[in-house]
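Coordinate inspection notes
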Amino acid sequence: MTGSQPWHLSLARFDSRPSAEPVHGNLGQVRHVVLVLSGKGGVGKSTITTELALALKHAGKKVGILDVDLCGPSIPRMLSMGRPDVHQCDSGWVPVYTDTQKSLALMSIGFLLEDPDEAVVWRGPKKTALIGQFVSDVAWGELDVLLVDTPPGTSDEHLAVLENLKKHRVDGAILVTTPQAVSTGDVRREITFCKKTGVRILGIVENMSGFVCPHCSECSNVFSKGGGEELAKMTGSVFLGCVPLDPLLSASIEEGRDFTQSFPDSATFSAISSISQTLLNSLQTD
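Rules of the game
Residues numbered from 1 in each chain as written. Predicted model: local features only at pLDDT ≥ 70, side-chain atom pairs only at ≥ 80, totals over all residues. Heavy atoms only, no water. UniProt positions renumbered as here; feature names shortened; annotations may be inferred. Patch = residues over 30% accessible without salt bridge, like charges linked within 9 Å, V, L, I, M, F, W, Y side chains within 5 Å. Areas by Shrake-Rupley, 256 points an atom, 1.4 Å probe, with all protein chains shown as cover. Salt bridge = Lys/Arg side-chain N within 4 Å of Asp/Glu carboxyl O. Lys, Arg positive; Asp, Glu negative; His and termini not counted. Charge placed at Lys NZ, Arg CZ, Asp CG, Glu CD. Helix = DSSP H or I, 4+ residues; strand = E, 2+ residues; numbered from the N terminus. Buried < 20%, exposed > 50% of the residue type's maximum accessible area, 1.4 Å probe, protein only. Polar contact = N/O pair within 3.5 Å; in protein donor to acceptor, adjacent residues only side chain to side chain. Contact = heavy atoms within 4.5 Å. Phe/Tyr/Trp six-rings, centres within 6.5 Å; stacked < 30°, edge-to-face > 60°.

The protein chain has the name NUBP iron-sulfur cluster assembly factor 2, cytosolic in an unreviewed UniProt entry, where Haplochromis burtoni is given as its organism. Turning to the protein chain, the UniProt record has this under Subunit (unreviewed entry): "Heterotetramer of 2 NUBP1 and 2 NUBP2 chains. Interacts with KIFC1. Interacts with NUBP1." According to UniProt, the comment filed for the protein chain under the heading Sequence similarities (unreviewed entry) is "Belongs to the Mrp/NBP35 ATP-binding proteins family. NUBP2/CFD1 subfamily."

**Thoughts on a negative patch on the surface**
Judged by side-chain charge, Glu114, Asp115, Asp117 and Glu118 come together as a negatively charged surface patch. As for its position among the elements, Glu114 is in the loop between strand S6 (104–108) and helix H3 (124–137).

**Quick look at the side chain of Asp67**
As for its position among the elements, Asp67 is in strand S2 (residues 63–67). One buried charged side chain, Asp67, makes no salt bridge at all; its nearest oppositely charged neighbour is Lys45, positioned 7.3 Å away. Separated by 3.1 Å, the side chains of Asp67 and Ser108 make a polar contact. Non-local contacts of Asp67, meaning those with residues more than four positions away in its chain, are made with Pro73, Ser74, Ile75, Pro76, Met107, Ser108, Ile109, Phe134 and Asp149.

**With respect to the side chain of Glu190**
Relative to the elements of secondary structure, Glu190 occurs in helix H5 (residues 181–197). A polar contact of 3.1 Å, which involves the side chain of Glu190, links it to the backbone nitrogen of Gly39.

**Considering the UniProt feature "binding site: [4Fe-4S] cluster" (unreviewed entry) in the protein chain**
Following the UniProt record, the feature "binding site: [4Fe-4S] cluster" (unreviewed entry) maps to Cys213 and Cys216 here. Turning to its location among the elements, Cys213 is positioned in the loop between strand S9 (201–212) and strand S10 (219–220). Relative to the elements of secondary structure, Cys216 occurs in the loop between S9 and S10. Overall, the relative accessible area of 48% leaves Cys216 in the partly exposed class.

**Examining the packing of aromatic side chains**
Enumeration over the complete set of coordinates arrives at two aromatic pairs. Seen from their ring centres, Trp93 and Phe134 are 5.7 Å apart, and the 70° between their planes marks the pair as edge-to-face. Here the residue Trp93 occupies a position in strand S4 (residues 92–93), and Phe134 occupies one in helix H3, the gap between them amounting to 41 residues. Grouping residues by exposure puts Trp93 and Phe134 together as buried. With centroids separated by 5.4 Å and ring planes inclined at 35°, the aromatic side chains of Phe259 and Phe263 adopt a geometry described as tilted. Take Phe259: its relative accessible area is 0%, and that puts it in the buried class. By relative accessible area, which is 22% here, Phe263 ends up partly exposed.

Here you go:
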């Protein structure tokens, strides 16, 4: 590893010009790249990304998460990573590993900010430049799956990710929605975005589908249910499954605990495990 000083990002000094020629080979050992998208904020996209990564890790896969939600990087907290130093090696930035076996790697702007409370107030060119560096300059090493957690919408960040991944195949995207029509309507626009940009839709996940009672574990449809499944039928997409609103999952995310390891007998675990296995089967038979 070259240099012992940690790397921090100065928002005031960050150069929005494209970096030098990309480091070829940083994605060369990444077998599959999957985008996690949603047209709506607050649907639990980062939660689904985190839980899928953990489920794939426990299935024996090497997994990476690239967090390109530059204005709201929440995955470091969800994985209880704090603010570790990011170092550089000859190939670029070294990702942060969540375990000693290095089976789950993460890169996020949350690790690079000198002040965690500092707002990222950037226009498109600066966002595009940093995402370009994230895609080309992170030394991921050998990964089975790289999950790319994106912000809501169809804006600069999404286009920048696709533009910078041109030289490396993107397997497709998982779309996350909640059952309500106000959410599925926005996800329909995300489906249109995927079609326009040539991104294959691997499937739709309906999150917050019902509420799991913390006392009896019965799942009740407090809000609604089935919107994501109906959207999948309407658009000819694969329906990957439902994940309920579970207080145990919420608490695990807040505390940075591994839900899939803590509650292996829960219905929510079964749902997440089934979704991850369906995704894995889709990638392996592609």
